[in-house]
Amino acid sequence: LPRIMCTIASSIVAASACILLHRMGMGHKLDQITIGAIFPLVPGIALTNSFRNFLENDYLAGLVRLAEALMTAGGIAIGVGVAASIAEKA
């Protein structure tokens with residue numbers, strides 16, 4: 001699968017697990033639990049490398065890494081949104 005699809009799928013699984021465990025009575029604040037679960041998916045290294053490339057005047061590599069980081073962040077947002085909307089209807 002493409003990397004963005006893996007990111008979306010893993011964020012759906014993580015958010016769904018958080019919602020399920022919260023409904024079972026484990027934990028009190030669903031938002032903080034979900035943030036903690038998806039935090040390892042956040043593209044921090046790619047974003048840092050993007051800024052480093054921009055500072056080194058390597059604009060093309062910086063732009064590519066920035067686009068990758070933004071697509072990953074968007075995939076995480078889509079996955080959590082899908083899981084939340086499914087849980088809201090159930």
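Residues numbered from 1 in each chain as written. Predicted model: local features only at pLDDT ≥ 70, side-chain atom pairs only at ≥ 80, totals over all residues. Heavy atoms only, no water.

1. Considering the side chain of S11
Summarising the element assignment, S11 is placed in helix α1 (residues 3-23). With sequence-adjacent residues up to four places away left out, S11 is seen in contact with L41, G75, I76, G79 and V80. (Helix = DSSP H or I, 4+ residues; strand = E, 2+ residues; numbered from the N terminus. Contact = heavy atoms within 4.5 Å.)

2. Remarks on the packing of aromatic side chains
For the structure shown, the criterion picks out one aromatic pair. Here F54 and Y59 contribute two aromatic rings whose centre-to-centre distance is 6.2 Å and whose plane-to-plane angle is 40°, an arrangement assigned as tilted. For Y59, a relative accessible area of 52% puts it in the exposed group. (Phe/Tyr/Trp six-rings, centres within 6.5 Å; stacked < 30°, edge-to-face > 60°. Buried < 20%, exposed > 50% of the residue type's maximum accessible area, 1.4 Å probe, protein only.)

3. Notes on unusual backbone geometry
At N57, a position not held by glycine, the phi torsion is positive, near 65°. Relative to the helices and strands, N57 resides in the loop between α3 (44-55) and α4 (59-89). N57 sits in the exposed class, given a relative accessible area of 55%.

4. A few points about the pattern of salt bridges
Tallied over the full model, the rule gives two salt bridges. Across the pair E68 and R3 runs a salt bridge whose closest N-O atoms are separated by 3.1 Å. Here R3 lies in helix α1 and E68 lies in helix α4, a separation of 65 residues in the sequence. For E68, a relative accessible area of 30% translates into the label partly exposed. Note that R52 is salt-bridged to E56, the shortest N-O span being 3.9 Å. (Salt bridge = Lys/Arg side-chain N within 4 Å of Asp/Glu carboxyl O.)

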